[in-house]
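What the coordinates show
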Amino acid sequence: MKFITAILTLAAVAVATPTGTNPPQCTPATYSCAKNPSTHAEGWQVCDVNSKWVYAGDCPPKTVCQFLEANGSPYCIPAKW
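Presented here is a report on the structure given in the accompanying data block. (Residues numbered from 1 in each chain as written. Predicted model: local features only at pLDDT ≥ 70, side-chain atom pairs only at ≥ 80, totals over all residues. Heavy atoms only, no water.)

Our focus in this paragraph is the pattern of salt bridges. Applying the stated criterion across every chain, the model contains one salt bridge. Here Lys35 ties to Glu42 by a salt bridge, and the two come within 3.3 Å at their closest N and O atoms. (Salt bridge = Lys/Arg side-chain N within 4 Å of Asp/Glu carboxyl O.)

What follows is the structure in structure tokens.
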């Protein structure tokens, strides 16, 4: 009886698993430099819990976004650094 219950449980999980979903764009809680989709200003984005990039903010005027691989963070630095 337990064996049949286990098989039925596995079958239910297999049927409930979505197919044809889009692959994740990113790893949640990661950052990258990006352009503001509305103004095209330099800034950064963050990966949300659904593995989708979300624009997070603009850099101040006369700065550019620089990504530091060592700690996985974007920084706004002077454009002529």
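Right, let's get into the sheet that holds strand β1 (residues 31–35). Strand order in the open sheet made by the three strands is β1-β2-β3, with antiparallel pairing throughout. Looking at the sheet topology across the chains shown, the edges are occupied by β1 and β3 (53–58). Neighbour-to-neighbour, the strand axes of this sheet turn through a mean angle of 40 degrees, independent of strand direction. (Pairing = 2+ DSSP bridges. Helix = DSSP H or I, 4+ residues; strand = E, 2+ residues; numbered from the N terminus. Axes fitted to C-alpha atoms, helices over the stretch in contact; angles between N-to-C directions.)

A few words on the pairing of strand β5 (residues 73–78). Direction of pairing for strand β4 (residues 63–68) relative to β5: antiparallel, over a ladder of six bridges. Considered in β5, the bridge of Phe67 is made with Pro74. Between β4 and β5, which pair antiparallel one after the other, the connecting turn spans four residues, and Gly72 there sits at a positive phi close to 70 degrees.

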